[in-house]
Structures are given as structure tokens and as C-alpha cells.
Amino acid sequence: MELPRNLLCIIIFLLICTAHASGSEQAAVALLQWKSTLDSSSTKNLFSWSPTNSICLWFGILCGNTTSHIIGLRLPGASIKGRLDTLNFTAFPQLTELNLSSNDLHGAIPANISMLQALVYLDLSFNRFKRIIPPQLGSLSNLIDLHLNNNNLTGAIPCQLSKLPKIVRLEISNNNFDKPEFSPMPTLQLFSMHNMGINGSFPEFILECPNLTFLDLSWNRLSGSILELLPKTAPDLTYLKLQYLELSNNNFSGVIPRELGTLTALIILDLKNNPLSGPIPVEICNLSNLHWLNAAGNNLSGTIPPCISSMAALKRLELWNNQLEGELPVTICLLHSLKYLLVGFNRLTGHVPDDLGQGQPLTIVDLSNNDFSGELPPRLCNNLQLQQLVVNNNSFSGLLPACPNLTYAWVGQNNFSGDISHVIGKYPNLRGLDASRNQFTGMISPDYFCQLLFLEFLDLSGNQLYWELPSCLMKLPLLNFVDLSRNAFSGEFPTLTSPNCSLTSLHLANNNFTGGFPSSLSYCSSLTILDLGNNRFNGKVPSWVSHKMPSLKVLQLRSNMLQGCIPWQLSHHSQLQLLDLANNQLSGSIPRQFANFASMIQLNNGFHLGSTHILLTYSNRALTPYSDRINLIWKGKYYTFEKAIGHMIGIDLSSNLLSGEIPTELTNLKGLQLLNLSRNNLSGGIPNDVGNLKALESLDLSCNELSGRIPESLSSLTFLSSLNLSNNQLTGPIPTGGQLGTLNDPSIYSNNSGLCGLPLNIICLNRSSGSAVNKDADPGIYFSTLVGFALGFWLWFGALIFFDIWQIAVLTCIDRVLNMIVQRIQNC
């Protein structure tokens, strides 16, 4: 019997609804089961996943408009932690989007993701997935976007991925894959494989992807002529990033090819940190749509082409750290969209164009480490948008322009002048200022400095500033770094009454500060570097330094008038790496407790300072925080260390009134690189276990009253490159071998009357007794005396010998004596 048509429609509708309900129920069960396997502490964002709620209202769930089928699972950055292979993918037949990026998922990527045949978008990036990419992903025929970047995936990339018929975007960066061997992918538009450690030629399949618009191969070790070939095979590129390719001599053509000028659709061109050389081709000026040109960190030479004004859309120009020369072209002022101008660390000369900044939204300007001269253009801050100005290490002069919105300024090592208070008044929003080594004058006015509530670092060293230190400078809530050294500040350190000091580094060396050790520093519990050297501080070094400043790593108090004993409590500093108390009037003995310096006991696994003298390296300071530094007498020379502070381990107690013996316990400090105890009244011997100081590079024990022998273990110090034991009372032979063989300057051991051996011109006749003979004495005197004695003996007593056999015996004996004498003289 035929059913009525309306009834048939109702039945079909009910069946469909039942099927839909069944599908939603299966999906809910699968998701709840997966949730139960996740780390319970990471599921706080999934609290809505409950049977009491409709699944379409669950967090991260996307349902279709007309049905309750789940078409999307969006959980990026949801902080979930667990595995993905516990999720039943068969419950999601209509899922088109799976986004689980930026979570803490681990284990392998499950192969049964391939059951999601409707999948269009798959993002598993920024997790901790391991092992290989399952080849089954190549069966996802509807996939357009695939993001597997930033995981711990390894091995070969399955060639099946290149068979995805609709793939448009493929990101596999920041993994440990082998080089992909893909077939042509005509639909591919975005491909990123940076930082995969791939060696060899660049993947040639890229040249068979004609629709590419985005390509990032950075941070690999690739070779080939990709820069010349890409413009022909991918003419529609808008984003090309090839930085840090660690290219060998055979990679690239060595220059920026002119063909790049044909990629007129380019918006971003990043060639940073490659060995590209030669001039910037003028064809680059054809890239009229380019927003960002980055060719920093190469060996480019020649001038910046004046035609750069044709790149009308340019917002960011980075050419720093090259060999560019000549003047900054005037036409650069015609780039009316320019925000970032970074040309530091080149060989540019002349004046900066007067119109720079006129009608330009400049935000960051870096002209540092060139040879610019003249004044900075007054229009530089006309647009009121300039936030970071980096012009240090040039020959600029005159006054600084007023930039009311400036937050960071590096203007040090120039010839700028003016009253410092007026200068600071031009920058009310300052967070950091380096105005060191200029010709600024005047005194620091509290009225200006106390208003800089957001100031983070301040460097005014090497100017002509005077007066007293304003107390409010120590109370600024965000101030970490202060360097006022090499000025003419005087008076006592200001008194603080509240524990709000946030300083981590304080440099006041080479001024005229007086009074006792600043008691106000007891409030600066975060200090890691304290340099008060070359002032007129007096009194004792307080014992509270150890517990009031527990984070101290560098304590430099040299060249003051400090007196009394060295407090043994300093040994409580678990992080102290550099202690410099030289050139004071400290007395007493060296505390044996110094053997307890925890940070000096362990060998430093970093590089040794002996190979890195002055370290003021460029790190594009327009974009990075301020780096601390310390001035130090190292191996008899004055150096400024910056990046190496974390590797500095040393003790300098020279030029004091210390007495007693050198504590043998100091030989426990195996990480020590510098030890200077010279110009004191130390007595006794050099500790026999001095060879335990395996990291020692510089040792100075000169101008004391040390006696006894030089320990043989000294020759085992393989890094020792500076040694001074002169002006003591040492005796015996000088040890030989090892690194001591390279230290052949006689002055190292001079004015020790009992020493012998190389490099001194004193021979050791008896190594057991240490008796010595001066090698410069004329050996002919000894020869004549001994020969005369032998001949005399023969002439006087020969007549007494009557028998021939006696004559023969006596003559034979005389010949043997003469031969022994001649041999001894030859050996000398």
C-alpha cells in the first residue's frame, strides 16, 4: 500500500533528525572522553563541556548554521595539556576546521586524523608533538591550510603532502625535518620552512610553484641561485624572507641580483645576515609597493642609491651593519611613509639631510656607529612620533632637538653640548637615556629628574657634570641602571629613608664623592653591580654588604681611602664573581673564608676573557634593552666589558697594606680567572696547590715579601697568559713546561735574588740546593784557571815521578781531568 506523500516526508525528516541527533551525541561523547584524558589542571577553559549544555554552546565548538553537526574545533591558546591520539576522529565526519595551536599537546600526531576527510584547515602549531608527520595526512583531499610549525617533529617530510590537490598554505618551520623532496605544487601560495637546520641546495620544487606569494627559507644552510631564479618562476611574490641562511662561499651569487627589481608585487624583502656583498642595485628602486626592506648584517658596499625615493610605500628601511659609505641621500626625505630608518654600523659620512623628519612619521631612527658630523636636523621630531633615537658613536655636535615623545635615546660618544637639565627637559617621557661621553655641562636638577617616573636606565658618564647627587634619583620606581662615572660630582651620597630603591646596577666611579661607605645602599637589595671606584670614600667596608645586597655579582671599590680589615662576611655572597678592593688602605690578612665564594668555586663553562678584550658589540639597540657593563683593569690594561660580565670571575686586592700569608684555601676557587694580590706586605710561600686554579688567566703576586720556591703546579695552568712574580724573595729554579713556556719575559721574575733558570740569565748548578751561577760570567776565566792549575800540578810534581809507568799513569789522569773540565765548560 502506498504511503501518503506528506507522511513519507515526515518520516524522512524524522530519520534525518534522528541521524543528526545521533551524530551530535557521538561527538559529545568523543570530546568528553578526550577531556578526561587531558591534564586536569589544564582544562579550566573547558568547564562548559558538560552533558547538561548543548554541544553547540561548548567553548571552542563551531556548529553548522542549519544543523547541530560540529564543523569546527577551535582551541588555540587554550592551555590544554595532553595527547591527541585519545580523540576519536570518526565522530566528526563533517569537521572542516581543527585548530589546536599554542597548547601543550605532546606525543605523536595521530595518523587517523586522515579520517577527517572534510577537513579544510588544520593547525597543530606551537605544541610539543614529536616523531614524524604521518603520511596519511596526504589523503586529506580538501585541505587548504596545514600548519605544523613550532613542534619537535623529525625525520623525512612525507612526499604525500605535495599531492594535496587544494593546498594553499603550508607551514612546517621550527622542526627538525630533512629537506623536503616534493613534486610541483601548483596551488601552493604560502610556504614556510625557516629554522629547520637543512643543509645543501634549496628545494627545487619551489621553482615549480608558480603561484607562490609568500616564501620563508630563513635560518637554514642553503645554497644555489635562488635569488636570481625566483623572479622568473614566482613573479607574484609579495613576501620573501631569506635571512640567516649561513651561506658558504658557493652559495648565492654574492650580490643582490638586479632581477629582484622585477618582483614589483613585493611588500616585504628580508635578506638579513647573509654574506651578500657589492652595491645595492638601482633596480631595487623599482619595488614601489615594498613596505619593508631588510638587508642588514651583510657586506654591502657603495652608497645608498638616491633613487630610493621611488620606493614610495617604504615604511621600514634596515641597512645597518654593512660597509655602506657616502652621505645619507637627500631623497630619503621624500619617503613620506617611512617609520623605521636603521642605517647604523656603516661608514656613512657627512651631515644628515636638514629635512629628515619633515612630513615623515619617523618612529625609530638609528644612525649610530658611523662618521656623521654636524647637528641633528631640527625637524627630526616635527611629527611628534619619534620614540627611539640612536645616534651614538658619531661626531655630532651642537644641541639635541626637542622630541617630547621620545622614550629611548642613545646619543653617547658624540660632541653634543648644552646644560644637562635643559636636555632632560626636552624629553619628559624618557624611559632610557645614554648621553655618555659628550660635552654636557651643569648640574643634575632634582626638579627635572624627579619627574621621570618611568626612567629605566640613565648613563651620563664622561661629561662635565657637577654638584651633588639628587636623592630622588635613587627613588624612581623603575630605575635599574645608573652610570654617572667620570664626572665632577662631589659631596656625600644622599640619604635614603625608604626601602624603595629598585637599582640593579650603580656606577659612580671617577668622581669626588666623600664620606663613608654609603649606608643608603642598604635599601638597594636588588643591586648586582656596584662600582664606587676612584672616589674619596673613607672608613671601613661594612659587614652588612653581604646580607643587605645578597644579589651582588660585582663589587668594585678600588682607589678610595678605605681602611680597616676586609670583612670576612663578604664570603656570604653566593653570587659574587668580581671583587675589586685594590688601591685602598686596607690592612690585616686575607680572610680564609674567601674560599667559600660559591660562584668562584665552579669552573666557568663560558668563554675565557683573555680572548675577548673590549666587548661593546652592536645589537641594534633601537630594538633591544640596555646592556650593562663594567670597567676593569685586566692583565695590566684598562678595558670595558659588556656582554662578558656574566663570565667575569676575579679578585683584586692589590695596592693595600695586607699582611700574613696567602691563604691556601684560595686554591679551592677553581673558577677564578683573575687574582691580583700585588703591592702588599704578604709573606710566606706561594700555595703549592696553585695549579688547582684551572681557569686562571692572570696572576699577579708582585711587590710582596713572598719566599720559598715557585710551585711546579704553576706550569699546569693552561690558560695562564699574564704572570708577575717580581719583587719578592723567591728562590730556587723557575718551573718549566706547559703555558709557562710562552711567558718568556724576564721581568716576570725580576728582583728575586734566589731564582734561577729560564727566562732569567741565571743557571741552576744544583737543582736540589738551588745554588746558581750567573750565565753572563766569562767562561774563559774558569777555563784558564783550571787549565793553569792542572799544568802547574804537572810541572811541579812530574819531577818526583821516577818510573815510566808512573809517568804514563799521571799523564793519563791529567788528560782525563782536562777533558772533564772542557766538557763542563761546554755544557755551561
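Residues numbered from 1 in each chain as written. Predicted model: local features only at pLDDT ≥ 70, side-chain atom pairs only at ≥ 80, totals over all residues. Heavy atoms only, no water.

Going by what an unreviewed UniProt entry lists, the protein chain is known as Leucine-rich repeat-containing N-terminal plant-type domain-containing protein and is assigned to Urochloa decumbens. Quoted verbatim from the Subcellular location (unreviewed entry) field of the UniProt record, the comment on the protein chain reads "Cell membrane". Per UniProt, the protein chain has the following entry under Sequence similarities (unreviewed entry): "Belongs to the RLP family." (UniProt positions renumbered as here; feature names shortened; annotations may be inferred.)

(A) Region of the structure containing the overall build of the protein chain. Summing up its helical and strand segments, the protein chain has eight helices and 57 strands in all. Counting every position in the protein chain, which comprises 828 residues, the buried fraction comes to 51%. A fraction of 53% describes how many contacts in the protein chain between residues 6 or more apart in sequence connect residues 24 or more apart. A total accessible area of about 36100 Å² is found for the protein chain, and carbon and sulfur atoms account for 54% of it. (Helix = DSSP H or I, 4+ residues; strand = E, 2+ residues; numbered from the N terminus. Buried < 20%, exposed > 50% of the residue type's maximum accessible area, 1.4 Å probe, protein only. Contact = heavy atoms within 4.5 Å. Areas by Shrake-Rupley, 256 points an atom, 1.4 Å probe, with all protein chains shown as cover.)

(B) Structural detail: the packing of aromatic side chains. Per the counting criterion, the structure on display carries 15 aromatic pairs. Their ring planes at 75° and their centres at 5.4 Å tell us that Phe-191 and Phe-205 sit as a pair that is edge-to-face. Of this pair, Phe-191 sits in strand 12 (residues 190–192) while Phe-205 sits in the loop between strand 13 (199–201) and strand 14 (214–216), and the two are 14 residues apart along the sequence. Classification of Phe-191 as buried rests on a relative accessible area of 0%. (Phe/Tyr/Trp six-rings, centres within 6.5 Å; stacked < 30°, edge-to-face > 60°.)

(C) The state of the cysteines, seen in detail. Taken as a whole, this structure holds six disulfides when the rule is applied. Covalently, Cys-450 is tied to Cys-472 through a disulfide, its sulfur atoms 1.8 Å apart. On the sign convention where negative means left-handed, the S-S torsion of about -95° between Cys-450 and Cys-472 marks this disulfide as left-handed. Pair noted here: Cys-450 is in the loop between helix 4 (446–449) and strand 33 (457–459) and Cys-472 is in the loop between strand 34 (464–467) and strand 35 (481–483), with a separation of 22 residues, a long-range link. (Disulfide = S-S within 2.5 Å.)

(D) Structural view of the pairing of strand 34. Relative to strand 34, strand 32 (residues 439–443) runs parallel, the two sharing three bridges. Counterpart to Met-443 in the pairing with strand 34 is Tyr-466. Bridge analysis of strand 34 against strand 36 (residues 488–492) gives two bridges, and the strand direction is parallel. Considered in strand 36, the bridge of Tyr-466 is made with Ala-488. (Pairing = 2+ DSSP bridges.)

(E) Representation of the confidence of the model for the protein chain. Residues at a pLDDT of 70 or more form 83% of the protein chain, whose mean pLDDT is 84. In this model, residues 247–251 is a region of pLDDT below 50 whose contacts with residues beyond four sequence positions or in other chains number eight contacts. Residue range residues 767–771 is modelled with pLDDT below 50. Its contacts to residues more than four positions away, or to other chains, number 10 contacts. (pLDDT = per-residue confidence, 0-100.)

(F) Here's a closer look at the environment of Pro-158. Mapped onto the elements of the fold, Pro-158 is located in the loop between strand 9 (152–155) and strand 10 (169–171). The exposure class of Pro-158 is buried, given its relative accessible area of 8%. Residues Pro-158 and Phe-182 lie 24 residues apart in sequence; the distance between their C-alpha atoms is 8.4 Å.

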